[in-house]
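If you want the building blocks of each chain, they are given just below.
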Amino acid sequence: MFESAEIGHSIDKDTFRKMMPALREALLDVQYDLKEKADFPVLILIHGFDGAGRGETMNLINEWLDPRLIHTVAFDKPNDEARARPWMWRYWNELPATGRIGMFFGSYYSDTLFERVFNRSDRDAFDRQIFDILRFERMLTLDGAVVLKFWFHLSRDKQKARLKTLEQDPATSWRVTKTDWEHYERYDKIRKYGEHMLRLTNTAHAPWIVIDGEDANYRSLTVANTILEAIRNRLGQPMLSTDRVEAPPLLAPIDNKLVLDTLELEQKLDKASYQKKLDQLQGRLNKLTRDPRFGNHSLVLAFEGNDAAGKGGSIRRITQALDARRYRVVPVAAPTQEEKAKPWLWRFWRHLPGKGGITIFDRSWYGRVLVERVEGFAAEADWMRAYYEINDFEHQLTENGAIVLKFWLAISKDEQLARFKGREETGFKRFKITDEDWRNRDKWDLYRQAVSDMVDRTSTSKVPWTLVEANNKYFARIKILSTICDALEARLSE
């Protein structure tokens, strides 16, 4: 993949000076057009060999464009906070918003490549990370992002000459580090594994641009023109539509029997028995989360259910058993403007707990295939692909040691009506009932179908759904606490 980058591309100074003013003006124009249109972001990744001009080019782009509209991040080795979470977490956190340009100097590709080069990962682990990247970039581009990936290339001899030239000049010697020479010693491995990585990730929606890094004028004009044309072309297109679905529709079973219909919603548990079991389970949960082995894991709880099914009450019984310094409850409502400007899973990635931490989501990422599907807030193609993206998200969590549990609290339509009326008649509970709750009730059958599809498509062996019969609140709370304790004990004993 690197042959064309080793044939000696160059641009003379006069040509560069003639082209630069118009190019800079055009870049600023499309940057401001991007800001005004604000319906897609641009992500620029800077990679390649040391000495090939990556840093100089990154600085030049910031100089030629309005730096206030560029989010530039230079990634080094992950810190303790990043190591305590799934490896892609720190990249999700830095994604640019719509209408903005994000520039990553080093990225998830650096992690993947150098883990392999320094023998900290084997071939299988290397390829697993590559496929994590493929799924991530596919998700970004389907959400509308323009992803530009630059690999700055030098042959081995030219890299050595470049490093020596920089090192011998007092004005630039600081730019050559011990790490640069360590990488030079591993040039052949970087090239071999880099080519493998580029080949597998050189996709139609996010292709690599390999650039000869020897001549500064050539690489600067090439990168600038590539950015210009990519944004200009995209601005000239109508907003990408994802309404087309290349898949059969999701149909209800012919006999109209759904998984929710199998639940016996009327379960019995009296208050005295409930209180006894509650005390026992809360003590058990507290002990499990203080177990030293839990420090190698995190706990992620997702609560979904019918309106008035008792999610809030169940969450309170969990948090009563926990150290307040260890957990966080995240209530999920309609996305904010900031959240709408990022890929849809961003607002959940940002709240993930580190090792030894607990995050409880009151509503969750499943809103994409529930309320957004039923209410028409997401196009069919978007919520259809969300099943895959959700399973991938949860897989990444469990691979990092997270214990992920998700609960659907189910009540009957009659029980919901009784609870709605009870809330309206009780002064301190009126805040719990809204016009939206009544509107959702009118779409009971649509939600019934959406929930059943959700369970069918996202209940996996590692992260199964727990369906909770919740007409009896006491029974529901005990079932939830028992499920959490059993899951923690099983995982900690592995």
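Residues numbered from 1 in each chain as written. Predicted model: local features only at pLDDT ≥ 70, side-chain atom pairs only at ≥ 80, totals over all residues. Heavy atoms only, no water.

**Some points on the sheet that holds strand β10 (residues 465–469)**
For sheets, the rule is that strands pair by backbone hydrogen bonds, running either parallel or antiparallel. One open sheet holds the 5 strands; their spatial order is β7-β8-β6-β9-β10, and the pairing between them is parallel. Every interior strand has two partners, whereas the edge strands, β7 (327–331) and β10, have only one. Sheet twist, expressed as the mean angle between neighbouring strand axes with direction ignored, is 20°. As paired elements, strand β6 (residues 298–305) and strand β8 (residues 358–362) share 5 bridges and run parallel to each other. Each bridged residue has a counterpart across the sheet, and for Phe-303 the counterpart in β8 is Asp-362. Lying on the sheet, helix α19 (residues 444–458) is in contact with β9 (402–410) and β10; it crosses β10 at an angle near 145°. (Pairing = 2+ DSSP bridges. Helix = DSSP H or I, 4+ residues; strand = E, 2+ residues; numbered from the N terminus. Axes fitted to C-alpha atoms, helices over the stretch in contact; angles between N-to-C directions. Contact = heavy atoms within 4.5 Å.)

**Digging into the UniProt feature "domain: Polyphosphate kinase-2-related" (unreviewed entry) in the protein**
Residues annotated by UniProt as "domain: Polyphosphate kinase-2-related" (unreviewed entry) correspond here to residues 11–233 and 268–491. Along residues 11–233, the helical share is 58% and the strand share 13%, with 25 Å between the first and last C-alpha atoms. (UniProt positions renumbered as here; feature names shortened; annotations may be inferred.)

**What to know about the pattern of salt bridges**
Opposite charge on two side chains permits them to pair, given that their charged atoms come into close proximity. Summed over all chains, the structure comprises 38 salt bridges. Glu-399 is paired through a salt bridge with Lys-462; the nearest N and O atoms lie 3.5 Å apart. In this pair, Glu-399 sits in helix α16 (residues 380–399) while Lys-462 sits in the loop between α19 and β10, placing the two residues 63 residues apart along the sequence. Classification of Lys-462 by relative accessible area gives exposed; the value is 54%. Among the charged side chains, a salt-bridge network with shared partners connects Glu-56, Arg-162, Arg-175 and Arg-219. (Salt bridge = Lys/Arg side-chain N within 4 Å of Asp/Glu carboxyl O. Buried < 20%, exposed > 50% of the residue type's maximum accessible area, 1.4 Å probe, protein only.)

**Some words on the packing of aromatic side chains**
Taken as a whole, this structure holds 28 aromatic pairs when the rule is applied. On the basis of an interplanar angle of 85° and a centroid distance of 5.3 Å, the ring pair of Tyr-108 and Phe-136 is categorised as edge-to-face. Placement of the pair is Tyr-108 in helix α5 (residues 108–117) and Phe-136 in helix α6 (residues 123–142), with a sequence separation of 28 residues. This pair shows no difference in class: Tyr-108 is buried, exactly as Phe-136 is. Where Phe-420 meets Trp-438, the ring centres are 5.0 Å apart and the plane angle is 70°; that geometry is what we call edge-to-face. Note that Phe-420 is positioned in helix α17 (residues 413–425) and Trp-438 in helix α18 (residues 435–442), a separation of 18 residues in sequence. Residue classification places Phe-420 among the buried residues on the basis of a relative accessible area of 0%. In this structure Trp-438 comes out as partly exposed when scored by relative accessible area, which is 27%. Here the guanidinium or amino end of Arg-85 rests over the ring plane of Trp-89, the centre of that ring lying 4.7 Å away. Across from the ring centre of Phe-40, 4.5 Å away, lies the NZ or CZ of Arg-234, which sits over that ring. (Phe/Tyr/Trp six-rings, centres within 6.5 Å; stacked < 30°, edge-to-face > 60°. Lys NZ or Arg CZ within 6 Å of the ring centre and 35° of its normal.)

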